[in-house]
Amino acid sequence: MKTYQGKGVYGAIAVGKISLFKKSDAAVKRIRVVDTDNEKTRFEQAKTLAIRQLQEIYNKALKEVGEANAAIFEIHQMMLDDDDYNDSINNIIDSQSVNAEYAVAVTADNFAEMFAAMDDTYMKARAADVRDISNRLINNLSGNFRIEAPSDEKVIICAGDLAPSETVSLDKDKVLAFVTAYGSSNSHTAILARNMNIPAVIGVGDELLNGIKDGDEAIVDGYTGEIFIDPDEETHAKLLEKQHVDEEKKRLLQELKGKENITLDGRKINVYANIGSVGDIGKVLANDAGGIGLFRSEFLYLENSDYPTEEQQFAAYKKVLESMAGKKVIIRTLDIGADKKVDYFNLKPEENPALGYRAIRICLTRPEVFRTQLRALYRASVFGNLGIMFPMITSVSELQKIMAICEEVKSELKSQGAEYSDKIELGIMIETPAAAIISDKLAPMVDFFSVGTNDLTQYTLACDRQNPDIEQFVDTHHEAILRLIEMSAENAHKHGAWIGICGELGADTTLTETFLRMGIDELSVSPTFVLKVRDAVRSIDLSK
Ligand code: PEP
Ligand code: MG
């Protein structure tokens, strides 16, 4: 038995086989071959498999995110059949007597460069699609696809690191647990794992990848951050017992469903859920959340290979609002940048991405992107109880600009005869120290605040949330953070606004009483933590 130690980011236990996640951009070697016909046949087989995989993904996307979002996977299938693309690959194999992987990689580079050089933004964005389908072919040729290959067995995914987009694209039904060598607990990958209700351990270190192989039997303890490879009988029995107790505890929490989120002395608290995609709604409903306190809309952009259109976004927002049947749904405008990179945004590499061009800064400098999203949100608002919230606010002037754009979007819609609700609440995230410190000025301008403790922590403590080497300096209970939250709560209430917490700290039940005493009105957490927070709220007596 071998034991590894990382940081547990979602408490649960998984028992199963390891599957190594291969990065799709692995370097491709140029190999000289004699039998070029054989390479061309391998290419044809990889292509047939790719088309089948894309059909499966299309069917899955159709169910989870609707026809408009799924359409890209149909386009990818057509691109794979494009004559020019196929001719180029076959010609390179023949003329240079090289392996199919290399021919695909060279073709991908040539075609992507050609698209990227075009003036038309739609055609420019096709560069990412060519890379995507080519990576799929290369992975198929080298037998690297694990997750999407039909397999009945669920596996423990082990990787160096997983980008948010990679995590999103994994087939959740086939993942028992995530284990990564790198990464930090507040990264979006960790948040996604929590949202997906999947045991996760991160930051195990290099030794993880050197010491394991595909198919190894393993147990992952998401509570302690331990990973046992080829566990001995005693460990196996102990962990199975722990898994059993854990499941029993979770079952007991289920009994809180349908009960109110009310303290012992009668104060009602809203316990909402955070989601990243339309597909998460099932978990929100299953965990009986009172609403959605944070819909990270950027995942619509991360899942797409081009800017999602107004219609695509409208369909997604409408679906969430309708599914929540009149319960509050707070959709955050896009928060791209920093660790959430999207190729087609063509963002420049930055020295300090967390302090760089992200979120509202992109929206205010690319108003066409912002307006498209706002139009979709306003149009969808008639289908439920919508709140719109803006991320990364640091100043009054930003908020004034945002409000002016919202007004323009509304009058444009009105002049076009499009309907929107007049009951939409507008709010901002308090996730920079600046926003908390000037919360007295911001509060009169909005209906609500929502504290993003993940970013508020990184900016207040000057600790990059992506950097695992400084985790020991990240004191999430630091007095400075708590004071900023308290100050924001006081200022919100002074000006008639309500205040919630939607960062990960909202689920830390050792702080629930502190938050309620500060006057926090809402806690929005991963769907899987809703019942745990409900349990905590119901055991607190604020009269004492
Ligand atoms: C936060 O910063 O706390 C937050 C909720 O936003 P995100 O984690 O998406 O940056
Ligand atoms: Mg944030």
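Provided above is the structure to which this section pertains.
Our subject in this report is the structure included herewith. Computed from a predicted model, the values in this text were never measured in an experiment.

## Considering the site of ligand 1
Right, so step 1: Around ligand 1 sit 17 residues, and of these R296, R332, G452, N454 and R465 come closest.
Right, so step 2: Backbone polar atom of G452 to an oxygen atom of ligand 1: 3.3 Å apart, as the coordinates give it.
Right, so step 3: Note that an oxygen atom of ligand 1 is positioned 3.0 Å from one of the backbone N or O atoms of D455.
Right, so step 4: Expressed as a share of its isolated accessible area of 290 Å², the protein-covered part of ligand 1 is 100%.
Right, so step 5: Secondary-structure elements contributing two or more residues to the shell around ligand 1 are α6 (188–195), β10 (292–296) and α17 (453–461).
Right, so step 6: Here the element with the most residues in the shell around ligand 1 is α17; it accounts for three residues.
Right, so step 7: For the shell around ligand 1, the per-class residue count stands at four nonpolar, five polar and eight charged.

## Side note on helix α18 (residues 479–494)
Right, so step 1: Its 16 residues give α18 an end-to-end C-alpha distance of 22 Å, which sits within 8% of 22 Å, the value for a rise of 1.5 Å per residue.
Right, so step 2: Following α18 by one or two positions, G496 has its phi on the positive side, about 75°.

## Considerations on unusual backbone geometry
Right, so step 1: Positive phi values are uncommon outside glycine, yet A325 reaches one of about 40°.
Right, so step 2: Assignment of secondary structure puts A325 in the loop between α11 (310–323) and β11 (328–332).
Right, so step 3: Even without being glycine, M392 reaches a positive phi, approximately 60°.
Right, so step 4: Tracing the backbone shows M392 in the loop between β12 (385–390) and α14 (396–415).

## Digging into the sheet that holds strand β6 (residues 200–202)
Adjacent strands of a sheet form backbone hydrogen bonds with each other and so pair up, either parallel or antiparallel.
Right, so step 1: The sheet built from eight strands is open, its strands ordered β1-β8-β7-β3-β4-β5-β6-β2 with mixed pairing. Of all the strands in the sheet, the pair left with one neighbour each is β1 (2–5) and β2 (7–10). With strand direction ignored, the average angle separating the axes of adjacent strands in the sheet is 30°.
Right, so step 2: Direction of pairing for strand β7 (residues 217–221) relative to strand β8 (residues 226–229): antiparallel, over a ladder of four bridges. Along β8, the bridge assignment pairs A218 with I229.
Right, so step 3: Seen against the sheet, helix α8 (residues 233–254) touches β2, β3 (13–20), β7 and β8 and runs at an angle of roughly 115° to β3.

## A look at the coordination of the magnesium ion (ligand 2)
Right, so step 1: Those protein atoms acting as donors to the magnesium ion (ligand 2) are E431 (OE) and D455 (OD), and they sit at 2.0 to 2.1 Å. Of the two residues, E431 is situated in the loop between β13 (425–430) and α15 (433–437) and D455 in helix α17; the sequence distance between them amounts to 24 residues.
Right, so step 2: Residue E431 is classed as buried on the basis of its relative accessible area of 2%.
Right, so step 3: D455 gets classed as buried once you look at its relative accessible area, which sits at 3%.

## Let's talk about the packing of aromatic side chains
For any pair of aromatic rings, the description consists of the separation of the ring centres together with the inter-plane angle of the planes.
Right, so step 1: Applying the stated rule across the entire model yields 11 aromatic pairs.
Right, so step 2: One aromatic cluster in this structure is built from Y301, Y307, Y344 and F345.
Right, so step 3: Against the face of F314 rests R379, its NZ or CZ located 4.2 Å from the ring centre.
Right, so step 4: In this structure, K532 packs its charged tip against the face of F529, placed 4.7 Å from the ring centre.

## Things to note about the pattern of salt bridges
Right, so step 1: As enumerated under the stated definition, the model contains 35 salt bridges in all.
Right, so step 2: Put simply, D37 and K40 hold a salt bridge, and the shortest N to O gap is 3.8 Å. Of this pair, D37 and K40 both sit in helix α1 (residues 36–80), three residues apart, which is roughly one turn of that helix.
Right, so step 3: For K340, the salt bridge goes to E298, with nearest N and O atoms at 2.7 Å. Highlighted residues: K340 in the loop between β11 and α12 (360–365) and E298 in helix α10 (residues 298–302), separated in sequence by 42 residues.
Right, so step 4: We classify K340 as buried; its relative accessible area is 1%.
Right, so step 5: For E298, a relative accessible area of 0% translates into the label buried.
Right, so step 6: Residues joined by salt bridges that share partners form a network here, namely E298, R332, D335, K340, R358, D455 and R465.

## Some details on the pairing of β3
Right, so step 1: Counting buried positions along β3 gives six out of eight residues, so the element sits mostly inside the fold.
Right, so step 2: Alignment of β3 against β7, held across five bridges, turns out to be antiparallel. Note that in β7 the partner of A14 across the bridge is V220.

Parameters and conventions
Residues numbered from 1 in each chain as written. Chains lettered and ligands numbered in written order. Predicted model: local features only at pLDDT ≥ 70, side-chain atom pairs only at ≥ 80, totals over all residues. Heavy atoms only, no water. Near = heavy atom within 4 Å. Polar contact = N/O pair within 3.5 Å; in protein donor to acceptor, adjacent residues only side chain to side chain. Areas by Shrake-Rupley, 256 points an atom, 1.4 Å probe, with all protein chains shown as cover. Helix = DSSP H or I, 4+ residues; strand = E, 2+ residues; numbered from the N terminus. Nonpolar A, V, L, I, M, F, W, Y, C, P; charged D, E, K, R; others polar. Expected span 1.5 Å × (residues − 1). Pairing = 2+ DSSP bridges. Axes fitted to C-alpha atoms, helices over the stretch in contact; angles between N-to-C directions. Contact = heavy atoms within 4.5 Å. Donors = N, O, S within 2.8 Å, 3.2 Å for Na, K, Ca; no water. Buried < 20%, exposed > 50% of the residue type's maximum accessible area, 1.4 Å probe, protein only. Phe/Tyr/Trp six-rings, centres within 6.5 Å; stacked < 30°, edge-to-face > 60°. Lys NZ or Arg CZ within 6 Å of the ring centre and 35° of its normal. Salt bridge = Lys/Arg side-chain N within 4 Å of Asp/Glu carboxyl O.

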